[in-house]
Amino acid sequence: MRFIEPKYLFVFITMIYFSNNCFCQNTDKVSPRYNVTLKEAHIGSFEIDTMLLNSYETLPSNITSFYLDARAVFEKNKVDFTDIQIVEAATKNNIRLMGGPMLGDVKENGISIWFRPSNELPIHIKVIALNSNEENSYTLKPVAAGRAQRIVINDLSPSTNYKYVVLSQDIKIAEGAFQTAPKTDENTPLRLTFGSCFHKIGLHNPNLINTILKRKTNAMLLLGDIAVDDRENNFNMHSSDYLLRDVSRSWKKLAANVALYTSWDDHDYLNNDLSGIPENFTEEEREKLRTLWRQNWNNPQNDAEGIYFTTRIGQVEIIMLDTRSCRKIEERGEYGSYLGSEQQKWLKSILKNSTAPFKIISSGTMWSDYITNGKDSWGTWDTLAREEIFNLIEEENIPGVLLISGDRHGARGFTIPGTSGFKFYEFEAASLGGVPGPPAMANDTSNQLFGYHGEGLKAFGEFTFNTLENKPQVTFRLIDEFGNVMEKHILSYDMLTPKKQ
C-alpha cells in the first residue's frame, strides 16, 4: 500500500478501521490548542516555547510558573539545573522533581529510574508486583539539588508487571508502572516501539502518547530530533529545552511508564545536517554536548567517546548507534567517516558475538539512498563502511537483523539488496511530530514497501516478536496517534536470515 499525500490517509484509515487488528483505538481525542509549526519550534523563542507548553492543555499554575521562571534564567545566563536561581524557582513553586521519573535499561531482574530532584531530601521508591502485591523499597539520596541521578533496581522477577510510587517526606510525588524483561532464553512474545522527530512538538501530544501506552510495549527506541531544537553550542538553552520536555504532562506519562532508549540526530546535536566537529565548533564543545546528553537521558552506560550502546531485552539485541558526533566531515566518502573507526569495530564485534535471535540496529539518518538522493544517509556518506556491515551479516549468516532509521520526516519501509541476493529490511518512522518533509515515495519504488508524507502524520513504528512458533517471525506495524494500524508487514525468520554461501 502506497499513499503519498495526507489527504488519502482518511480514506485508508476508514477502510482498515474495521478490518485490521488495531486493538487500541484512542477515542478520547484531544484537539491541539495551538498548532506550532516546525519552523517556529526551531526558532524556540520564549513565546513559541510557552505556546508549546500549553499546546494541548493548560498545566497547573505552579508548574507553569516554575517553567517560566527557570526558562528566563536559562535564556539570560550560562547556567545548568544546579544553579541557585533554578533551585529557588523550584522551591518557590513547590516542585520536588524538576524532571523524572524516566525509565530505562529494563532487565529481567530490574530497571533503571532517572530523576532530577530539586532538593537534597531522600527519595523513596516503593515497587509493588501486581501478581503478588510483594513490595520492595529503595532510597535515592540526591547529591545536589538539580543534579540528575539514576537508581538501578536489580532484585525483581522476570516478565513481571510492577507499579511504583515515588515519595518525598511521605508525600507521593510521582508514580508509574513497568514490566521487567523476559529471560534471554524464554520464548515470550515481545513488543518494541520506535520512532523519531518529536521535534518538541510531539512531546506534548496526549493522543500519540496515550496510544503508545495502550499498546503495552516493553520499551521504546527514540532515534533523534526529540527534545532539543537547533540550540548549537548554547548549552544553557539545551537545558531549557530539556526542562520544556520534563514539565510536559504527556511526556512525563510516557517516561514514567515505558523504558526509553535514545540516540541523537542533527537537531538534538547542533543544527540541521551538522555532525562531527563542524566549522566554528570545537572538540571541547562536542564533548560537552555528549555530557549533556548523558545527563538528560537514561541509556545503558557506555564508556566510549560516542553515545552508542547495546543492550538486550529477551530475545532481542538492541544496538543504537551514534551517527552524528563520531563523523569525520573532512573525510566524507572515505571508509570510517560515518561511525568512526572505533564505533565501526565495536559494531562488528557486537554483531559477531550476539547470541540473540533478533537484532535491531538503529541509524539516526537513513541507511538507504532512496529519498532525496541519500542526502545525509549512511549509504552516501560512507558506502564502504555500510557495505562492510552488510557483507559481514551475509558472509557470517548473522540472523534476525532489522534496520531502523529516522531524520527524513514521514514514514517509509524499504528493502536494501545485499551482494548475495539477500534483502535487508529498513523501517523508518520519522513521524512522531507530524512535521513536513521530503516526498513519501522514492523516484524508483522497486525497493519500497510503503511511504507516507510527514505533514500531519503522527505515527510510530512497532515490532512484535513471536518466537513461540516453529518458525519465529516479527510483525511490523505503523500506528497513528489514534491507534489505527496503517501498515502491517509480517517477516519470517527466514526472510531476516542470509542463506549460507
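Per chain, residue numbering runs from 1 following the sequence as it is written. For this predicted model, a pLDDT threshold of at least 70 governs which residues receive local features, and a threshold of 80 or more governs which side-chain atom pairs are given and counted, while totals over whole chains, interfaces and linings are taken from all residues. Note that the side-chain values use all heavy atoms of the structure and ignore hydrogens as well as water.

Undergrad: Would you mind going over unusual backbone geometry with me for this structure?
TA: Leave glycine aside and you will find that most residues have negative phi; peptide bonds, for their part, are mostly trans. In this structure, the amide linkage connecting Gly100 to the following residue, Pro101, adopts the cis form with an omega of 0 degrees. Within the secondary structure, Pro101 is located in strand 1 (residues 97-107). Despite not being glycine, Asp170 shows a phi value in the positive range, around 65 degrees. Segments assigned H or I by DSSP are reported as helices when at least four residues long, segments assigned E as strands when at least two residues long, and all are numbered from the N terminus. Tracing the sequence through the fold places Asp170 in the loop between strand 6 (161-168) and strand 7 (171-179). Here the phi dihedral of Lys216 falls at roughly 55 degrees; this positive angle occurs in a residue that is not glycine. Residue position: Lys216 is located in the loop between helix 6 (206-214) and strand 9 (219-222).

Undergrad: Help me understand the sheet that holds strand 12 (residues 316-320), please; the structure alone is not making it clear to me.
TA: The strands making up a sheet associate through hydrogen bonds between their backbones, and the pairing can be parallel or antiparallel. Taken in spatial order, the seven strands line up as 11-12-13-14-16-15-17 in an open sheet, and their pairing is mixed. Two strands bound the open sheet, and with one partner strand each, they are strand 11 (309-313) and strand 17 (448-452). Averaged over all pairs of adjacent strands, the angle between strand axes in this sheet comes to 20 degrees, irrespective of strand direction. Two strands pair under a simple rule: DSSP has to find at least two bridges between them. Bridge count for strand 15 (residues 410-417) against strand 16 (residues 423-430) is eight bridges, and the pairing is antiparallel. Across the sheet, residue Phe414 finds its bridge partner in strand 16, namely Glu426. Here helix 11 (residues 341-353) sits on the sheet and contacts strand 11, strand 12 and strand 13 (358-363); the angle it forms with strand 12, its principal contact strand, is near 175 degrees. Whenever a helix is involved, its axis is fitted only over the stretch in contact; in every case the axis is a line through C-alpha atoms, and angles between N-to-C directions fall within 0 to 180 degrees. Contacts between residues were defined by any pair of non-hydrogen atoms, one from each residue, lying within 4.5 Å.

Undergrad: What am I meant to see in empty space enclosed by the protein here?
TA: Cavity and pocket criteria rest on a 1 Å grid covering protein atoms alone: a 1.4 Å probe that fits but cannot get out defines a cavity, protein on both sides within 12 Å along at least 5 of 7 lines defines an open pocket, and an atom within 4 Å of a point defines a lining residue. Grid points are joined across faces, edges and corners, and a volume is the space filled by probe spheres set on the points. If you walk through the whole model with that rule in mind, you get four cavities of 30 Å³ or more. By volume, the largest cavity amounts to about 60 Å³. Along its surface, the largest cavity is lined by Thr365, Met366, Ser368, Ile371, Thr372, Gly374, Lys375, Asp376, Ser377, Asp407 and Arg408. A class-by-class count of the residues in the lining of the largest cavity yields two nonpolar, five polar and four charged. Residue type decides the class: Asp, Glu, Lys and Arg count as charged, Ala, Val, Leu, Ile, Met, Phe, Trp, Tyr, Cys and Pro as nonpolar, and the leftover types, Gly among them, as polar.

Undergrad: What's the story with helix 10 (residues 283-296) in this structure? I'm lost.
TA: Within an α-helix, residues lying three or four positions from one another point in the same direction, as the helix has 3.6 residues per turn. Expected span of a helix, by definition, is 1.5 Å for each gap between consecutive residues, and there is one gap fewer than residues. End to end, helix 10 covers 20 Å across 14 residues, agreeing with the expected 20 Å (1.5 Å per residue, within 8%). Taken together, the buried positions of helix 10 are Glu285, Arg286, Leu289, Arg290, Leu292, Trp293 and Asn296. The buried residues of helix 10 occupy one face: seen down the axis, they fall within an arc of 160 degrees. Only protein chains enter the area calculation, which uses a 1.4 Å probe; residues under 20% of their type maximum are buried, those over 50% are exposed, and those in between are partly exposed. Throughout, the arc means that of the directions going from the helix axis to the C-beta atoms.

Undergrad: In this structure, what is going on with the sheet that holds strand 4 (residues 135-140)? I would like to understand it.
TA: With antiparallel pairing, the four strands of this open sheet are ordered in space as 4-3-6-7. With partners counted over all chains shown, the strands left at the sheet margins are strand 4 and strand 7, one partner each. Strand-to-strand twist across the sheet, computed as the mean angle between neighbouring axes with direction ignored, equals 20 degrees. Most of the contacts of helix 8 (residues 249-257) go to strand 7, to which it runs at about 55 degrees, and overall it touches strand 6 and strand 7.

Undergrad: I keep staring at the packing of aromatic side chains and nothing clicks. Help me out?
TA: A ring pair, where both rings are aromatic, is described by two values, the distance of the centres and the angle of the planes. Pairing of aromatic rings covers Phe, Tyr and Trp, the last counted by its six-membered ring, and requires centre-to-centre distances within 6.5 Å; plane angles under 30 degrees mean stacked, over 60 mean edge-to-face, and any other angle means tilted. Counting across every chain of the model gives 27 aromatic pairs. Between Phe194 and Phe463 the ring centres are 4.9 Å apart and the planes differ by 25 degrees, which places this aromatic pair in the stacked class. With a gap of 269 residues between them, Phe194 in strand 8 (residues 190-195) and Phe463 in strand 18 (residues 459-466) connect regions that are remote in the sequence. Ring centres 4.8 Å apart and planes at 55 degrees place the aromatic pair Tyr308 and Trp346 in the tilted group. Here Trp346 lies in helix 11 and Tyr308 lies in the loop between helix 10 and strand 11, a separation of 38 residues in the sequence. A relative accessible area of 2% places Tyr308 in the buried class. Clustering of aromatic rings is evident, with ring pairs tying together Phe194, Phe358, Phe427, Phe450, Tyr452, Phe463, Phe465, Phe476 and Tyr493. The rule for a charge over a ring is simple: NZ of Lys or CZ of Arg within 6 Å of the ring centre, and within 35 degrees of the ring normal. Just above the ring of Phe81 sits the side chain of Arg116; from NZ or CZ to the centre is 3.7 Å.

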